[in-house]
Structures are given as C-alpha cells and as structure tokens.
Amino acid sequence: MRERLEREFDLALIATAPSVEYRAHLTNGTVVDVDNPSALPAPTAIDRVEEPLLTVTILTPTEYTGTVMDLCQTRRGEMVKMEYLSPQRLELVYRVPLAEVVIDFFDQLKSRTRGYASLDYEPAGYDASNLVKVDLLLNGVPVDAFSTVMHRSKAEDYGRQMTAKLRELIPRQLFDVPIQAAIGGRIVARETVKAKRKDVVAKCYGGDVTRKRKLLEQQKEGKRRMKNIGRVEVPQEAFISALRLSD
C-alpha cells in the first residue's frame, strides 16, 4: 500500500507504530486527551496518566492454556475469569491495556495456538498506570516518529532494543551519529554509528610529519563542523523496525 501511494501519487509516507489515546490528568486539575506521544505534557505537569483497557475473551483448546495465559500476563493482563466449557475447551477473560493489544496480540495468539483460539474484546474504560514517554534522539535531535508512551517496566528495554536496531539500519555518515533513548530527559541507552573515514594522508609520502598532522587536524575540524550542521537520513525500514522488535 505504501509503495503504491508513493509511486502513483508521489507522496512521502512514514509508517510508524500504532498508538492509542491516553488521558493525562494535569496538576492544575485539567484533563488532556493525548493521541500522539509527542503531545504528552512534561512530566512535572502531570499528576497521572490513564490508559484505555479492554475486556478480552479468549476461547482456546485446553492444551494451549499455559501459553495463552503467558501471553496475556506478559501483555500486562489481569485475569477476570477462567471457565472450562468442556473437557477440551476453555474460556479465559482478561483485562488488558489496549496499547498491548494493537501490536501483534492477535497474531501471537494465533501463532501460539496454531489458529485454534478465538478472540473477542470490548472497551473497559480507563485506568491509571505508571506510563512514561520514550524519546529517540538522533545526533541530539528528538525524532517524533519514534516517540512512544509505554509502561515504565518495559521502557528501558524498548530504548535499548531500538537504539541497537537503529545502529544497524542507519547508514554511516561522514561524522559520528549518536543514537540515544531518553525517558523524561534521562538517557537510558546509547549507540553510535561510526563515521566513514577518508584517508587524507594517503598522498603524503616521506617528508615532515607535521604535514600529515596538519591534514588530520583539518579533517577533524571539518567533521566537527559537519556534525553541527549535518542531517541524518533515516531509511523507511527504521520506522517499521519498532513493530518488529520481538523478531
């Protein structure tokens, strides 16, 4: 779909990870609906953040009980009911955050049960949770497309995985590119894409070493200046990688 839109309509599209609408209660008493992680107010202005929940009903063969319960619990689900409909069939009811369901929950459920499980869900309101915003910075500049809101228990792991993935995907520049993950202004992970290095002293042979040193100093100064004004091109695959960290 993205390729067709780009080819036929000459559009530049960025596909990012899906997000849900959070409800931020500020310290001044106002309530703000946040449908984009970059629109989340500063942590000092927030009293609490509520996230939407779902009541999820899963029907599964009993032989897959353990793997289905493990999936729901790793997605921060709370069990509401467990009922055996027959010796071979089980009904599980969980309250699961919507943010944990929109990303590959159904695919994982089908994969773990070989397609035999069925899923039904309905909205279950909002509930307060310990949520934080994770920012990704390239060369010191935040990239809004990589920003996400998630539970604090998973935030640092997500930051480490994303920085490692971006280090593999972003092409090398003529200057070092630091990739950082930040939670509330605190850097929790860092990777660096090393710069390309041109051998500027290759044409020098013999003679005084000061000439070589002068060329290296000029190269160092040029890279420092380029780092201040240089732009980092991010390939489209990097934006999709946020959906594939579990791979």
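Residues numbered from 1 in each chain as written. Predicted model: local features only at pLDDT ≥ 70, side-chain atom pairs only at ≥ 80, totals over all residues. Heavy atoms only, no water.

## Concerning the overall build of the protein
Part 1: Secondary structure summary: the protein contains 7 helices and 11 strands in total.
Part 2: Here the protein holds 247 residues, and the buried ones make up 36% of them.
Part 3: Counted over contacts in the protein with a minimum sequence separation of 6, partners at least 24 positions apart contribute 61%.
Part 4: Summing over all exposed atoms, the protein offers an accessible surface of approximately 15,000 Å²; the carbon and sulfur share of this is 49%. (Helix = DSSP H or I, 4+ residues; strand = E, 2+ residues; numbered from the N terminus. Buried < 20%, exposed > 50% of the residue type's maximum accessible area, 1.4 Å probe, protein only. Contact = heavy atoms within 4.5 Å. Areas by Shrake-Rupley, 256 points an atom, 1.4 Å probe, with all protein chains shown as cover.)

## Here we look at the confidence of the model for the protein
Part 1: Confidence in the prediction of the protein, expressed as mean pLDDT, is 82, and 82% of residues score 70 or more.
Part 2: The lowest-confidence element of the protein is helix 6 (residues 209-229), averaging 65 in pLDDT; the highest-confidence one is strand 5 (residues 89-97), averaging 93. (pLDDT = per-residue confidence, 0-100.)

## Brief notes about the packing of helix 2 (residues 65-74) against helix 4 (residues 105-112)
Part 1: The N-to-C vectors of helix 2 and helix 4 enclose an angle of 160°; their axes lie 10 Å apart at closest approach. Classified by the angle their axes make, helix 2 and helix 4 are roughly antiparallel. The two elements helix 2 and helix 4 cross, and the hand of that crossing is right-handed. Where helix 2 abuts helix 4, its residues Thr67, Val68, Asp70, Leu71 and Cys72 lie against Phe105, Gln108, Leu109 and Arg112. (Axes fitted to C-alpha atoms, helices over the stretch in contact; angles between N-to-C directions. Parallel < 35°, antiparallel > 145°, perpendicular 65-115°, else oblique. Left-handed = near helix turned anticlockwise from the far one by under 90°.)

## Let's talk about the environment of glutamate 21
Part 1: Mapped onto the fold, glutamate 21 is located in the loop between helix 1 (2-9) and strand 1 (22-26).
Part 2: For the pair glutamate 21 and valine 34, spaced 13 residues apart in the sequence, the C-alpha separation amounts to 5.4 Å.

## What to know about the nonpolar core
Part 1: In this structure, Val134, Leu136, Leu166 and Ile179 are the most contacted members of the largest nonpolar core, which totals 20 residues.
Part 2: Looking at this core, the elements with two or more residues in it are strand 7 (131-138), helix 5 (152-169), strand 10 (177-183) and strand 11 (186-193).
Part 3: Of all hydrophobic cores here, the second largest spans 15 residues; its members include Tyr64, Val68, Val101 and Phe105. (Core = buried A, V, L, I, M, F, W, Y, C linked by side-chain atoms within 4.5 Å.)

## Things to note about the pairing of strand 4 (residues 78-86)
Part 1: Of the strand pairs in this sheet, strand 4 and strand 5 are connected by 7 bridges, and their pairing is antiparallel. Bridged to serine 86 within strand 5 is arginine 89.
Part 2: Between strand 4 and strand 5, which pair antiparallel and follow one another directly, the connecting turn spans 2 residues. (Pairing = 2+ DSSP bridges.)

## Here's the deal with a nonpolar patch on the surface
Part 1: Together, Met79, Met82 and Tyr84 make up a nonpolar patch on the protein surface, roughly 300 Å² of accessible area in all.
Part 2: Inspection of the secondary structure assignment puts methionine 79 in strand 4.
Part 3: By relative accessible area, methionine 79 is classed as partly exposed at 38%. (Patch = residues over 30% accessible without salt bridge, like charges linked within 9 Å, V, L, I, M, F, W, Y side chains within 5 Å. Salt bridge = Lys/Arg side-chain N within 4 Å of Asp/Glu carboxyl O.)

## Here we look at the pattern of salt bridges
Part 1: Under the criterion given, the structure shown has 17 salt bridges.
Part 2: Across the salt bridge formed by arginine 4 and glutamate 8, the nearest N and O atoms sit 3.1 Å from each other. Of this pair, arginine 4 and glutamate 8 both sit in helix 1, 4 residues apart, which is roughly one turn of the helix.
Part 3: By relative accessible area, which is 53% here, arginine 4 ends up exposed.
Part 4: Among the salt bridges present, the one from arginine 160 reaches aspartate 157, with a minimum N-O distance of 2.5 Å. Residue arginine 160 and its partner aspartate 157 are both found in helix 5; the two are separated by 3 residues, about one turn of the helix.

## Section: the side chain of glutamine 180
Part 1: Mapping glutamine 180 onto the fold places it in strand 10.
Part 2: Once residues within four sequence positions are removed from consideration, glutamine 180 is found in contact with Asp135, Leu136, Leu137, Thr163, Ile187, Ala189 and Arg190.

## Structural notes on unusual backbone geometry
Part 1: We note that arginine 114 has phi near 55°; this positive angle belongs to a residue other than glycine.
Part 2: Turning to its location among the elements, arginine 114 is positioned in the loop between helix 4 and strand 6 (118-129).
Part 3: Even without being a glycine, asparagine 139 presents a positive backbone phi close to 55°.
Part 4: Tracing the sequence through the fold places asparagine 139 in the loop between strand 7 and strand 8 (141-142).

## Focus: the packing of aromatic side chains
Part 1: Counted according to the given criterion, the structure contains 0 aromatic pairs.
Part 2: The residue whose ring lies beneath arginine 23 is tyrosine 126, and the NZ or CZ to ring-centre distance is 3.9 Å. (Phe/Tyr/Trp six-rings, centres within 6.5 Å; stacked < 30°, edge-to-face > 60°. Lys NZ or Arg CZ within 6 Å of the ring centre and 35° of its normal.)

## Observations concerning the side chain of threonine 148
Part 1: With respect to the secondary-structure elements, threonine 148 resides in strand 9 (residues 148-151).
Part 2: With residues up to four places along the chain from it excluded, the contact list for threonine 148 reads Pro37, Val132, Lys133, Val134 and Tyr158.

## Brief notes about helix 1
Part 1: With respect to burial, helix 1 is a largely exposed element, only 0 of its 8 residues being buried.
Part 2: Where helix 1 ends, the next residue or the one after it, aspartate 10, has phi of about 55°, a positive value.

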